Amino acid sequence: MIRIADLYAGIGGIRLGFEQAFGKENVDCVFTSEIDKHAVTTYSANFGDKNIFGDIRKISVSEIPDHDILLAGFPCQSFSVAGLKKGFADERGQAFFEIERILKAKKPKVFLLENVPNLKNINNGEIFQLILEHLKELGYKVKYEILSGKDFGVPQNRRRLYIVGSLDYSKNFEFPKSLGIKTRVSDIIEKDVDASYCLSDHRWNHIQERMKYGSTGWCSYKIFDENESYTTTLVARYLSHPEKIMLQHPTGNPRRLTERECARLQGFPDTFIIDKVPKTQIYKQLGNSVCVPVIKAIANQIKNTFFAEDLR
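The paragraphs below set out a description of the structure included in this document. For clarity, every value in this text was computed on a predicted model and none was experimentally measured. (Residues numbered from 1 in each chain as written. Predicted model: local features only at pLDDT ≥ 70, side-chain atom pairs only at ≥ 80, totals over all residues. Heavy atoms only, no water.)

1. Here's the deal with the nonpolar core
Item 1. F18, F22, I69, L112, I298 and I302 are the most contacted members of the largest nonpolar core, which totals 56 residues.
Item 2. Considering every element that reaches this core, the biggest residue donor is helix α8 (residues 292-307), with 9 residues.
Item 3. The residues touching F22, leaving out its near neighbours within four places in the chain, are I2, V27, I69, A299, I302, K303, F307 and L311.
Item 4. Counting 29 residues, the second largest nonpolar core, distinct from the first, contains F74, F111, L138 and V142. (Core = buried A, V, L, I, M, F, W, Y, C linked by side-chain atoms within 4.5 Å. Buried < 20%, exposed > 50% of the residue type's maximum accessible area, 1.4 Å probe, protein only. Helix = DSSP H or I, 4+ residues; strand = E, 2+ residues; numbered from the N terminus. Contact = heavy atoms within 4.5 Å.)

2. Describing the sheet that holds strand β3 (residues 52-53)
Item 1. Here we have 7 strands laid out as an open sheet, ordered β3-β2-β1-β4-β5-β7-β6, and mixed in their pairing. In the strand order of this sheet, the two ends are held by β3 and β6 (141-148), each with one partner.
Item 2. Across 2 bridges, strand β2 (residues 27-33) lies against β3 in parallel orientation. The partner of T32 across the bridge, within β3, is I52.
Item 3. Against the sheet, helix α3 (residues 95-106) engages β1 (2-7), β4 (69-72) and β5 (110-115), with an angle of about 175° to β4.
Item 4. Those strands touched by helix α4 (residues 126-137) are β5, β6 and β7 (159-166), and its axis lies near 140° from that of β6. (Pairing = 2+ DSSP bridges. Axes fitted to C-alpha atoms, helices over the stretch in contact; angles between N-to-C directions.)

3. A look at the packing of α3 against α4
Item 1. Packing of α3 against α4 leaves a shortest axis separation of 10 Å and a crossing angle of 10°. As the angle between them shows, α3 and α4 are arranged roughly parallel. Of the residues in α4, those touching α3 at F96, F97, E100 and L103 are I131, H134 and L135.
Item 2. In terms of residue class, the contact of α3 with α4 is built from 5 nonpolar, 1 polar and 1 charged. (Parallel < 35°, antiparallel > 145°, perpendicular 65-115°, else oblique. Nonpolar A, V, L, I, M, F, W, Y, C, P; charged D, E, K, R; others polar.)

4. Considerations on the pattern of salt bridges
If the charged atoms of two oppositely charged side chains come close together, the side chains can form a pair.
Item 1. According to the stated counting rule, one finds 14 salt bridges in the structure shown.
Item 2. With its nearest N and O atoms 3.2 Å apart, the salt bridge here joins K106 to D66. You can see K106 sitting in helix α3 and its partner D66 sitting in the loop between β3 and β4, a full 40 residues away along the chain.
Item 3. Of the residues examined, K106 reaches a relative accessible area of 17% and is grouped as buried. (Salt bridge = Lys/Arg side-chain N within 4 Å of Asp/Glu carboxyl O.)

5. Considerations on unusual backbone geometry
Most peptide bonds take the trans configuration, and most residues that are not glycine carry a negative phi.
Item 1. With a phi angle near 45°, Y8 is a residue other than glycine that sits in the positive phi range.
Item 2. The residue Y8 is located in the loop between β1 and α1 (13-22) in this model.
Item 3. Unusually for a residue other than glycine, K107 sits at a positive phi of about 45°.
Item 4. Tracing the backbone shows K107 in the loop between α3 and β5.

6. As for the environment of H249
Item 1. For H249, the location among the structural elements is in the loop between β9 (246-247) and α6 (259-265).
Item 2. Looking at H249, the relative accessible area reads 10%, which means it is buried.
Item 3. Between the C-alpha atoms of H249 and V193, which are 56 residues apart in sequence, the distance is 8.5 Å.
Item 4. Here H249 is in contact with V193, D194, A195, C198 and R255, once residues within four sequence places are set aside.
Item 5. Reaching out from H249, the side chain makes a polar contact with the backbone oxygen of V193 at a distance of 3.2 Å. (Polar contact = N/O pair within 3.5 Å; in protein donor to acceptor, adjacent residues only side chain to side chain.)

Pasting the structure below:
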């Protein structure tokens, strides 16, 4: 049995990827930390409410059980292009030091961290180098790679930075390569979507007017054909800013993705429960989550490299 700790867990996308790779029966999640109550509701609906704790800053390491793998998709707002790029000066950027605190005390065999690619570029790369130095000082052999969902069977160009560390220097971990699976936007589309998902005339006219005058940013838009290979990146603010990923609707203005389509775009199975929270929270949670098939591919590499003997 492989013991995992799931920090900044969100709705559990990273945990799900590991359960898929290792086999649910082989994974024991001994500790989960998530501060957002709505995310906890969705997490509990899918994984149960065992071992779920709140704000990691208020939890002593003595309360955290020993574990083999630490997982953390730590807050990325302060590191994203869309954010303020404050890095460690932002309170959310301090999340890394909570991860470091737990790694130092518990020394799991392996860790996986996930963040936005722009983490590498803050302050001309100084913050990322600081993170790597801190991890190496703890005794970890560290590797990192930027991977996109579109290379792992998900029709979304979602590029994310993944960092894997191990205490075993004799093992050579390699990140997974593209699966070479051809994807289409049609893979995630629901049938007979209600017209209520179409943009209002006011919103649609506003977007087009802004574009006439060369507006960029959130008001730039893209209407995807179902035969295209992949969409742009799903964001947490998608419900209020759907113009980045719109689909044609046969009887009205372009439409936003449904909640289930967003879940599929992130690689969540249709059995994953998303409807226990308000619609605004569903979109936010899915936009903040991970591409599960990418996590599964990384987890498979971790399993085969570090835990193959333990699972025999």
